[in-house]
Amino acid sequence: MVSGGQQQEEAHVAVLAFPFGTHAAPLHALARGLAAAAPLVWFSFFNSAKSNASLLQGGDAPPNLKFYDVSDGLTAGFAVNPRNPEEEIELFMQVTPGNFRDGIEKAVRSASGASISCVVSDAFLWFAGDLAREMGAGVPWVPLWTGGIRSLSAHIYTDALRTIVGVGEEGGAVMATKADTELGFLPGMSGTRVRDLPEGIVFGNLSSVFARLLHRMGQELPLATAVVLNTFDVLDPAINDDLRAKFKACHLVGPLNLLLPPPQHPELDSDPSGCLRWLDKLPRGAVAYVSFGTVMSPPPGELAELAEGLESCGAPFLWSLKEKLRARLPAGFLERTQARGLVVAWAPQPLVLAHPATGAFMTHCGWNSVMESLAGGVPMVCRPFLGDQRLNARTVASLWRVGVEFEAGKMTRDGVVGALGAVLGSEEGRKMRERACALGEAAREAVQQGGSSAEALQAVVKVICGSGDA
Ligand SMILES: *[C@@H]1O[C@H](CO)[C@@H](O)[C@H](O)[C@H]1NC(C)=O
Ligand SMILES: *[C@@H]1O[C@H](CO)[C@@H](O)[C@H](O)[C@H]1NC(C)=O
C-alpha cells in the first residue's frame with residue numbers, strides 16, 4: 001500500500017459483477033455512485049460482455065470508471081438448455097477467479113500500473129475475499145448483497161437451519177412435514193416459514209452449484225471488511241441489528257434506485273411505448289401494473305388465468321409482457337381489454353411505480369422491484385417464483401403488510417380478481433397504501449443528505465479510499 005498524500009491518486013478499485021439476471025445493475029449503480037464521490041480513485045468494472053451490454057450506460061458516466069470484459073466460460077454458440085438453466089452459471093463459476101484475475105492484470109496495465117487497493121464485488125462471488133488478499137495485505141473486500149434481507153439471513157444461518165429443521169430432497173420429507181414451521185427461532189424471522197426459504201437450504205437440491213455457492217457465501221461474508229446492503233435502517237431493525245453483529249461492518253445504502261438513480265441515455269426515449277402518457281389520463285391509484293421482471297415469466301396456464309383475472313376485475317391495467325409471450329394470451333384478450341388495458345414489451349418501471357395513477361403492483365417480488373414499489377408507495381400483489389422471492393413476498397404481505405399473496409402461491413382467475421379487489425378497492429387496501437407510502441417516505445429520508453443511507457454511502461467511500469475504519 002502507498003502512503004500519505006499519494007494514497008488517493010494511487011487507489012484503484014476492482015468491481016466484480018455476477019453476470020446473470022439483473023445482478024450487475026445495482027452493482028453498476030453503486031460503482032457509478034462511488035466513482036462520482038471519489039473522483040481521484042480509479043474504478044475498473046469487470047463483467048461478461050453479454051451482461052455489460054444489458055447495462056444502461058450513457059448519461060454523465062464518471063470518467064474514472066472503466067469497463068472490462070471477462071470470460072463467461074461459454075463456448076461460441078452455447079445455448080441455454082431449458083432443463084438445466086444453472087449450466088450457464090456453472091460454466092461461469094468454473095472459469096472464476098482466473099477470468100477476473102486476467103481482467104485485473106489488463107486494468108492495472110491501463111491504469112499506469114496502479115495496483116488494486118480495494119475489491120468491491122457482488123456477494124455471490126464468495127471468492128472475492130481471497131482475491132483481495134492476493135492483491136495485497138489489508139486490501140479490503142466490500143461485497144454488495146443485492147437481494148432480500150431475510151434471504152441473506154437464511155444463507156448466513158444455513159447450517160443452523162439444516163440442524164434445526166432437518167434436510168430433505170425436493171418434494172421430500174421437509175416440505176411434507178415442516179413446510180409451515182415458523183422460523184422465529186432466528187433473529188427477525190418470526191412470521192416467515194420453512195416453505196418461504198430459498199431452495200437449496202433445507203429443501204430442493206442441496207448440492208446444486210447454486211446451493212453450494214450460497215452456502216459458501218454465507219460462511220465468507222462475515223470475513224469481509226464491510227458488507228453493503230440494498231435496504232434502509234427502519235425497514236427490518238431486528239435483522240439489521242443481527243447482521244451488524246455478524247459482519248465486521250454493515251452499510252445499509254438502499255434503496256439504491258433512489259440513492260443512485262439509473263443513468264439516463266440522452267438519446268433514448270425513456271418511455272418508448274407511451275406508458276407514462278397513458279397513465280397521465282387515469283385517476284389516482286386506479287391502475288394495476290403487472291410485471292414479473294426480465295427473467296421470470298409465469299407458466300402458460302397461469303399466464304392465461306392472470307389474463308382472465310385482469311379481464312374480469314374491471315380495473316385499468318398496464319402489463320409489461322415480453323413480445324414473445326403475447327402469443328400465450330387468450331384469443332381476443334387484447335381487443336376486448338383495449339379500452340382500459342395497455343400491454344407493452346417494456347416499461348420504465350421506477351417511473352411507472354412513482355406515477356400517482358399506479359395503485360397496485362403485481363410482481364415476482366425480486367428485491368429491486370420491491371424497493372422500487374416501496375419508493376413509489378405502491379402496495380404489491382405477490383407471485384414469487386424462486387430464490388429470495390418467497391421470503392420477500394412473505395415480508396411484504398405479513399410483516400410490512402403492504403400487499404397480498406396468492407393462496408397456494410399460484411395465480412388463478414378468481415385469485416387475481418380477489419387480490420386486485422383487496423388492494424385497489426377495499427379499506428384494508430387503503431391502509432396498505434398508507435403503510436407503503438410511509439415506508440416510501442422513510443426511504444426518501446434515508447437517501448437525503450444526512451439520512452442514514454446517504455451517510456452509509458459516505459462510509460463505503462471511506463473504506464474504498466483506504467481512509468475508513470470500515
Ligand atoms: C459495455 O457496453 C457498452 C454499451 O452499453 C459499451 O459502450 C462498452 O464498450 C462495453 N464495454 C466493454 C468493455 O465491452
Ligand atoms: C443436484 O445437483 C447436482 C450438481 O449439479 C447434480 O449432479 C444432481 O444431479 C442434482 N440432483 C438432482 C436430484 O437434480
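Residues numbered from 1 in each chain as written. Chains lettered and ligands numbered in written order. Predicted model: local features only at pLDDT ≥ 70, side-chain atom pairs only at ≥ 80, totals over all residues. Heavy atoms only, no water.

The name that an unreviewed UniProt entry assigns to the protein chain is Glycosyltransferase, with the source organism given as Colocasia esculenta. Checking UniProt for the protein chain, the heading Sequence similarities (unreviewed entry) contains the comment "Belongs to the UDP-glycosyltransferase family." (UniProt positions renumbered as here; feature names shortened; annotations may be inferred.)

*Asks:* Requested: an account of the sheet that holds strand β8 (residues 287–291), with residues and values cited.
*Replies:* Pairing between sheet strands relies on hydrogen bonds along the backbone, with the strands arranged either parallel or antiparallel. Pairing is parallel across the open sheet formed by six strands, whose spatial order is β10-β9-β8-β11-β12-β13. For this open sheet the edge positions go to β10 (341–344) and β13 (403–405), each flanked by a neighbour on one side alone. Shown here is a sheet whose adjacent strand axes are inclined to one another by a mean of 15°, direction ignored. Direction of pairing for β8 relative to strand β11 (residues 358–363): parallel, over a ladder of five bridges. Along β11, the bridge assignment pairs Ser291 with Thr363. Those strands touched by helix α14 (residues 300–313) are β8, β9 (317–320) and β11, and its axis lies near 160° from that of β9. (Pairing = 2+ DSSP bridges. Helix = DSSP H or I, 4+ residues; strand = E, 2+ residues; numbered from the N terminus. Axes fitted to C-alpha atoms, helices over the stretch in contact; angles between N-to-C directions. Contact = heavy atoms within 4.5 Å.)

*Asks:* So what about the site of ligand 2? Which residues, and what values?
*Replies:* Every residue close to ligand 2 is listed here: Asn205, Ser207 and Ser208. The contact in question runs from an oxygen atom of ligand 2 to an N or O atom on the side chain of Asn205, over 2.4 Å. The protein chains hide 34% of the 360 Å² of surface that ligand 2 would expose on its own. (Near = heavy atom within 4 Å. Polar contact = N/O pair within 3.5 Å; in protein donor to acceptor, adjacent residues only side chain to side chain. Areas by Shrake-Rupley, 256 points an atom, 1.4 Å probe, with all protein chains shown as cover.)

*Asks:* Before we move on, can you summarise the packing of helix α7 (residues 149–156) against helix α11 (residues 237–246) with the specific residues and values?
*Replies:* Running from N to C, α7 and α11 cross one another at 40°; their axes reach a closest spacing of 11 Å. Here α11 runs oblique to α7, going by the angle between their axes. Where α7 crosses over α11, the handedness of that crossing is left-handed. Residues Ile149, Arg150, Leu152, Ser153 and Ile156 of α7 pack against Ile239, Asn240, Leu243 and Lys246 of α11. Residues that form the contact of α7 with α11 fall into these classes: five nonpolar, two polar and two charged. (Parallel < 35°, antiparallel > 145°, perpendicular 65-115°, else oblique. Left-handed = near helix turned anticlockwise from the far one by under 90°. Nonpolar A, V, L, I, M, F, W, Y, C, P; charged D, E, K, R; others polar.)

*Asks:* Tell me about the site of ligand 1, and name the residues and values.
*Replies:* Around ligand 1, the neighbouring residues are Asn52, Gln57, Phe67, Tyr68 and Asp69. One nitrogen or oxygen atom from the side chain of Asn52 is found 2.4 Å from an oxygen atom belonging to ligand 1. Between Asp69 and ligand 1, the recorded distance is 3.1 Å, taken from a side-chain N or O atom to an oxygen atom. Coverage of ligand 1 by the protein chains reaches 50% of its 360 Å² of free accessible surface. Considering every element that reaches the shell around ligand 1, the biggest residue donor is strand β3 (residues 65–69), with three residues. Classifying every residue of the shell around ligand 1 gives two nonpolar, two polar and one charged.

*Asks:* Report on unusual backbone geometry, specifying residues and quantitative values.
*Replies:* Omega for the peptide link from Thr96 to Pro97 comes to -10°, which places this bond in the cis form. Turning to its location among the elements, Pro97 is positioned in the loop between α4 (87–95) and α5 (98–110). Along the chain, Gly254 connects to Pro255 via a cis peptide bond; the corresponding omega equals -10°. Tracing the backbone through its elements, the reader meets Pro255 in the loop between β7 (250–252) and α12 (256–259). Its identity as a non-glycine residue notwithstanding, Cys365 has a phi of 65°, on the positive side. Relative to the helices and strands, Cys365 is located in the loop between β11 and α17 (367–376). Although it is not a glycine, Arg401 adopts a positive phi angle of roughly 55°.

*Asks:* I'd like a rundown of the packing of aromatic side chains, residues and numbers included.
*Replies:* Scanning all chains against the criterion turns up 16 aromatic pairs. Centre to centre, the rings of Tyr289 and Phe361 are 5.0 Å apart; their planes meet at 20°, and the pair counts as stacked. Here the residue Tyr289 occupies a position in strand β8, and Phe361 occupies one in strand β11, the gap between them amounting to 72 residues. Of the two residues, Tyr289 and Phe361, both sit in the buried class. Arranged with centres 6.1 Å apart and planes meeting at 85°, the rings of Trp319 and Phe333 form a pair that is edge-to-face. (Phe/Tyr/Trp six-rings, centres within 6.5 Å; stacked < 30°, edge-to-face > 60°. Buried < 20%, exposed > 50% of the residue type's maximum accessible area, 1.4 Å probe, protein only.)

*Asks:* Please set out the domain arrangement of the protein chain residue by residue, giving values where relevant.
*Replies:* You can read the domains of the protein chain as domain 1 (12–263 + 449–465) and domain 2 (275–445). Summarising the inter-unit geometry, the C-alpha centres of domain 1 and domain 2 are found 27 Å apart. Tallying the contact residues gives 31 residues for domain 1 and 23 residues for domain 2. Interface of domain 1 and domain 2: buried area, both sides summed, is about 2,200 Å²; carbon and sulfur atoms make up 61% of it. Across the domain 1-domain 2 interface, the total number found is two salt bridges. Arg394 is the partner of Asp196 in a salt bridge, and the nearest nitrogen-oxygen pair spans 3.8 Å. The interface formed by domain 1 and domain 2 contains ten residue pairs in polar contact (both at pLDDT 80 or more). For the side of domain 1 that touches domain 2, the elements supplying multiple residues, two or more each, are α7 and α12. (Domains from an automatic or database assignment. Buried area = accessible area lost by both parts, 1.4 Å probe. Salt bridge = Lys/Arg side-chain N within 4 Å of Asp/Glu carboxyl O.)

*Asks:* Please provide a residue-by-residue account of the pattern of salt bridges, values included.
*Replies:* Across all of its chains, the model carries 20 salt bridges by this definition. Across the salt bridge formed by Arg430 and Glu427, the nearest N and O atoms sit 2.6 Å from each other. Pair noted here: Arg430 and Glu427 are both in helix α20 (residues 427–447), with a separation of three residues, about one helical turn. For Glu427, a relative accessible area of 44% corresponds to the partly exposed category. When salt bridges with common partners are traced through the structure, they connect Arg193, Asp196, Arg394 and Glu405 into a single cluster.

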